[in-house]
Structures are given as structure tokens and as C-alpha cells.
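Examining the three-dimensional arrangement
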Amino acid sequence: MESPEYCEINSNMTLDYINRLLMEEDTDEKASIYQRHDALQATEKPFYDILGQAYPSSPKETMISTDSQIDCLQDSRSSYTKGACSGRFVNDILRPQGMHLVANDWTSEREHLSLQFQRGLEEANKLVPSIEKLMVDLDSNGLSDSNQMIGAAVGQKSKHVCKIRSHPHVDLELLEARNSKHLAISASETTRDEMFDSVLLCDWQLHCDAAHLREMKAKEESNSQQNVQSKRYGQGKVNSRGKKKEEGIDLRALLIQCAQAIAVNNFLFAGELMKKIRHHASPYGDGSQRLALYLVNALEARLAGTGSKMYQKLMEKRTRATDMLKAYRLFIAVCPFARVAYYFSNQTIVDVLNGRPKVHIIDFGITLGFQWPSLIQRFAKREGGPPKLRITGIDVPQTGFRPHAMIESTGKLLAEYAEMFNVPFQYQGITSQWEDICIDSLNIDNDEVLIINCMYRTKYLGDETEDIDCPRDRVLRIMKRINPEVLILGVVNGLYSSPFFLPRFREVLFHYSSLFDMLNTTVLQSHEERVRIERDLLGAGALNAVACEGAERIERPETYKQWQVRSLKAGFKQLPINQAILKRSIDEKNKHYHNDFVIDEDSGWMIQGWKGRVMHAVSSWKPKESYTNQKAPSKYFCTSQLHL
């Protein structure tokens, strides 16, 4: 044997050489081991020269070491001690039969390993469906090639599928980027026009839309009843774009059974249930049929491990601001949630301002700023003249080449409304993760009334499953340090933030069942904007909650009582509900909206719901103590910002 120094070198190049041998396609090639050694020697020798050690002259000795490593990895026909698998070449533990294996059986052993690897690769390819087949067709309402995919997903060995598709390790980059996975909005054409004015400013337009939708829905229900009666008397069948719901089919029960089968890795039974659900689901049917379609898509994506890719693809699809405005117009015409919350917020701001000349609103999650034109209009009518209005809009950067485009466009739109009503106006846009906001970058003046507004976007902040000191608590502490005169907080009331799949799926099912039932009760089945809302907003949210895990799952709503505990812990005290605001909201609901909507008060929150289920809640808060002209230390990174 040569000197033992070189024997203690962990030769990664040797391992790489072995790996290349095993990956060769031509497994029948039987080249001499000494011819193979020439290439290895040319690769290894420069490293030995750098280390100042002599390269072994005998190819036989080098291949003995190589063979010992292969026997360690394969764990077969090895007569070595356990220490040989430590990753170092310890030649003094080799026995004569190990040397004999190098001289006689190297080629056959290599071929045997290569064939085993190829067989394993072929089996794995059978188990894992092609990702391209699972990508969502953004112009349709379902998954492409869904039936073929599910056969590939459940037709093989379940244990191997479970191992391959187990939840991935959370990457730090995903944790940093989780809040940027929101709907991409193309705001380049967001300019004030008659359509924006009629939706954002005119109450009479809203009332006309609501009345028209009620009339059309009543006519649809009447026609449906007549068709049912005609069918009973044999005078025809019901014709519709959706699939007919057969009697005795409980889609909710089938969805729960399917989720249970996936939870226990019974993929064959899950596949059969999915086929049955798809047979009765439709994007143009009733509420339960539509929800069933989007939830079975989500379950299928979870089974195949493609939920994150599908959701990212949906979020990258650019939605025009005018399309968002049309969807918003329909939503506020049939549902009071956004309209009541905006009225609560704007009236609270007017009450706190109380005639003072300057107000600064910091809006966390401003998006397109649909809330503020009506407030600008109110300020223009104020006795004594409008106040000087400053709005700081905060939102996460968008993906693509123009991460600040949406927040810039929002500022220009609001500036046009301020100019229209002759309201002194200044706008500052900040694109950042909320927990990284630098307080100094907000440019707060002591002589202005400072308001923080945060509506329905807190569900995207990370919770304790991400970090003990989670972004939700950190953002509330930042808000406390900003020291506003009032914090207006609106939250989506939901329980589907559990890290465990099955209880989370049940809550997703119950929550979205209420939303789809609400739209089914108030909007025509064929309404284009209803389909858009269900597909691009509700369906995408359900997909993320069901099919994504870890940092990729950003849909994590909590109950309003959980947010109450967080706010109190952060140093806020809750303000009582203004009874005048509550009364007017209830009156507006009773006058213009369906009777099954509920508006009430609970624990200092004004809550809104559908058929007894609380969906949204809003309340106002004030810091427990004031910082009195004392700026908090800036330990957060400053972020991109713009001024108008």
C-alpha cells in the first residue's frame, strides 16, 4: 500500500465519476476498468497536486478504494466494517475478497447497479404524472386533462406516491415572498371615467343595479319553477348550460369523503369519488355544483402535488382594473359586506377628524383604492372647506417588471378625484412586506390627524406556524408604534387556518359554501361577472387553502375574536361601536339587500354574515398610551416609495 495520507482524502471527484458511470445510457458497454481509470486520473491528479501529495501510480489501488465506496452505498456483498460507510477511503479495512471483486466483477456489478437505477426511474415516472398535464387552463373553468391525470395519480403504489408528494421543506425564499402571491392587476388603464364615477360615487346607480338584479333573479326562479312543473307533467325537460343536479346526490358529503380518503392515503377510493363529483359538478350549475367543481380541482391538485404551481399561474394572470371594477360593481350590488365596511371606516374618519384641517390616512393593503373616492367627495362637502388630505398606500410588490405599477396607478386615480372635487391632496405609495415597514418612511407630521386603515388583507400575513413572533403580531406592533388616533381594522372571519389538512378542508367547505350560496341566491346563474368572481377570487382562494402547504399557503384567516386578542396584546384598546353607524348600516341592508344577510354587534365588532354564519367583522382601536412627539426607533428596513 502507498502512504496512508492520500487514503484519508474524501475524493468527491471519485464519487462523481461513479455517478456518471451509473447514469450512462449504454449499460451494455463493457470497457476495461483500467481504460476507465485514465479519465479519472486526468480529473483527480490536479487536486492531488494542489494538496501537495503524490498521486497513486497503480490504477488497481485507486479502484480498490472506489469499489469500497460502491459497496458502502449499495450495502451488498460487503465484508467491510461499519466504519467504511463514513464517506472516507479507509484502505486498511479491505479484505482480499474486496480486491478480487475489483479485478473480476467490476463491470458486471456496475451493469447491475445501472439496471437497478433505470428500473427505479421507470417506476417513479409511472407514479408521478406530468406537471404540464396538471397546469390550469386560465381561459376555462377547470383543469385540463383532469380525468387522465387522476388515473396516473391513483393507479400506482400509494406508498410511493405519498413519499414523492409529501409536503416539501419550506425554503426561506418562499417565506420571504409569501405575501407577494396575490392577484396581479393590470392597472395601466386605470383612469377616472364615467364607469368609475358611477360605481364609486353614485348611490343611485348602486340602488338601480340592486333592484335590477333582484328583478332578474325573481324572474329566473319563476321560470325554473315552471320548467320543473312542466317536467313533472311530461311537457319537457330542464335545459341549462349547467349539468342537471340529480336527486339524492350530496356533493358536500362526497367532498368530505374524498378529503378523508386523501388524508389516509387511500388514493384509489379518492379517485373514484373525484370522478363521481365531477359528473355532478358544473361552473354554470347551482351554488353547490359550482363549489364542488373548484374544490375537486383543489383536491386533485393536492393529490398530484401541483397546487402551488396552479395557484401561482392564476396569480400571474393579469386582471384588468376595469374587469375588477365590474366584479366589484356586482359584488356591492348583491352583498353589503364591502359597502358597509367602507361606510364604517369613512364615517369613523370623519368623526375623529371633527373639523380639523389636516388628515393623514395610512392604508395597509390599498390595492386599487376603491374606498377613498367617496370619502374625498364627502370632504368636498364639509362645512368650512375640505381638509388637506394625505394618503399613504401600502401594498406588496407585484411580480414582473413593474412591481410598483398598481400602487402608482392607484395614486393617480385618487389624485384625479381630488382634483375633480378641489380637495388638497398628497399621495405616497410604499411597496413592501408589511412587517418590514420603516416608520420614518411614512413622513408623519405632528399637526395632522393620523388614521390607520386596514381592510380584509390581514389574512395573508404569516401566523405562528411560520414563526413564533409571527408577522401578524409584528405588524400590529408597528401600527401601535405609529401611534394613530384610531386604527380601523376589518377582518375576514374564518377558521380554515389550521395546519392540519382535514379540519381545514371542512372549514373551507363550510365557509365557501356560504359564499357560493349567497351568490346563487342573489345573482343569475349565467351572469358573466358572477363566474369571474367565483373562478378568479373564490376558486383561487379555495385552491390555495386546500392544495398548498407551508409558506405557499397564504389563505389563513382567523376569527375576529382571535384578532381581538392579538390587538389587545399589541397594546391597543377597543373603541365602542358607534350606534348611529350600526343603525344606518342595518337600515341600508334591510332596504337594498336580501333578508338572509345579517348585520349585528358582538364584543365591540360590527359583524356581517349570511344565514347566521359570520363572514366579516370590523372595529376601531386606539393605542393604550401615546408616544407624545417621540418617534419610535427605526429597526425596520425602509422600502420603495413614490410621491404624487
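The rules behind each value
Residues numbered from 1 in each chain as written. Predicted model: local features only at pLDDT ≥ 70, side-chain atom pairs only at ≥ 80, totals over all residues. Heavy atoms only, no water. UniProt positions renumbered as here; feature names shortened; annotations may be inferred. Helix = DSSP H or I, 4+ residues; strand = E, 2+ residues; numbered from the N terminus. Buried < 20%, exposed > 50% of the residue type's maximum accessible area, 1.4 Å probe, protein only. Areas by Shrake-Rupley, 256 points an atom, 1.4 Å probe, with all protein chains shown as cover. Expected span 1.5 Å × (residues − 1). Salt bridge = Lys/Arg side-chain N within 4 Å of Asp/Glu carboxyl O. Core = buried A, V, L, I, M, F, W, Y, C linked by side-chain atoms within 4.5 Å. Contact = heavy atoms within 4.5 Å. Polar contact = N/O pair within 3.5 Å; in protein donor to acceptor, adjacent residues only side chain to side chain. Phe/Tyr/Trp six-rings, centres within 6.5 Å; stacked < 30°, edge-to-face > 60°. Lys NZ or Arg CZ within 6 Å of the ring centre and 35° of its normal.

Under an unreviewed UniProt entry, the protein has the name Scarecrow-like protein 9 and belongs to Urochloa decumbens. Quoted verbatim from the Sequence similarities (unreviewed entry) field of UniProt, the annotation for the protein is "Belongs to the GRAS family."

Regarding the overall build of the protein
Each helix and strand counted, the protein has 24 helices and 12 strands in total. Scored against the burial criterion, the 644 residues of the protein give a buried share of 52%. Accessible area of the protein: about 30600 Å², with a carbon and sulfur share of 51%.

Remarks on helix H19 (residues 405-420)
With 16 residues, H19 should reach 22 Å at 1.5 Å per residue; the first-to-last C-alpha distance of 23 Å fits that figure. Residues Ala405, Met406, Ile407, Ser409, Thr410, Gly411, Leu413, Leu414, Tyr417 and Ala418 constitute the buried set of H19. A positive phi of about 60 degrees marks Asn422, the residue just after H19.

Regarding the pattern of salt bridges
Counting across every chain of the model gives 30 salt bridges. Residues Lys459 and Glu555 are paired through a salt bridge, measuring 3.2 Å at the closest nitrogen-oxygen approach. Here the residue Lys459 occupies a position in the loop between strand S6 (449-455) and helix H20 (471-482), and Glu555 occupies one in the loop between helix H22 (528-547) and helix H23 (560-570), the gap between them amounting to 96 residues. With respect to class, Lys459 is no different from Glu555; both count as buried. Of the charged contacts, one joins Glu507 and Arg613 as a salt bridge, the two residues approaching to 3.3 Å between their closest N and O atoms. On the criterion of sequence distance, the pair formed by Glu507 in helix H21 (residues 501-522) and Arg613 in strand S11 (residues 613-623) is long-range, its members being 106 residues apart. What you see here is one network of salt bridges that share partners, running through Glu464, Arg472, Asp473, Glu558 and Arg566.

What to know about the nonpolar core
Among the nonpolar cores identified, the biggest contains 110 residues, and Leu295, Leu299, Ile349, Val359, Ile361 and Tyr512 are the most heavily contacted of them. If one sorts the elements of this core by residue count, helix H14 (residues 287-304) sits on top with 10 residues.

Some words on the environment of Glu601
Positionally, Glu601 belongs in strand S9 (residues 597-602). Separated by 18 residues in the primary sequence, Glu601 and Ser619 have C-alpha atoms spaced 9.9 Å apart. Those residues in contact with Glu601 that lie beyond four places of it in its chain are Ile577, Gln579, Leu582 and Ile607. Side-chain polar atoms of Glu601 contact the side chain of Gln579, separated by 3.2 Å.

A look at the environment of Gln398
Its place among the elements puts Gln398 in the loop between strand S4 (388-395) and H19. Between the C-alpha atom of Gln398 and that of Ser432, which follows or precedes it by 34 residues, the distance is 9.9 Å.

Structural notes on the side chain of Thr410
The residue Thr410 is located in helix H19 in this model. A distance of 2.6 Å separates the side chain of Thr410 from the backbone oxygen of Thr367, its partner in a polar contact.

As for the packing of aromatic side chains
The geometry of an aromatic ring pair comes down to the distance between the two centres and the angle between the two planes. Under the defined criterion, the tally for this structure stands at 12 aromatic pairs. Measuring from centroid to centroid gives 5.5 Å for Phe364 and Trp434, while their planes differ by 75 degrees, and the two rings are edge-to-face. Taken together, the residues span a long stretch of sequence, with Phe364 in strand S3 (residues 358-364) and Trp434 in the loop between strand S5 (425-431) and S6 at a distance of 70 residues. Accessibility assignment for this pair places Phe364 and Trp434 in one class, buried. Ring plane angle 25 degrees and centroid distance 6.4 Å describe the contact between Phe425 and Tyr427, whose orientation is recorded as stacked. Given a relative accessible area of 0%, Tyr427 falls into the buried group. Taken together through their ring pairs, the aromatic side chains of Phe337, Tyr593, Phe597 and Trp610 make up a single cluster. Across the ring face of Phe501, the terminal group of Arg302 is positioned such that the distance to the ring centre comes to 3.9 Å. Above the ring of Trp563, the side-chain terminus of Arg566 is found at 5.8 Å from the ring centroid.

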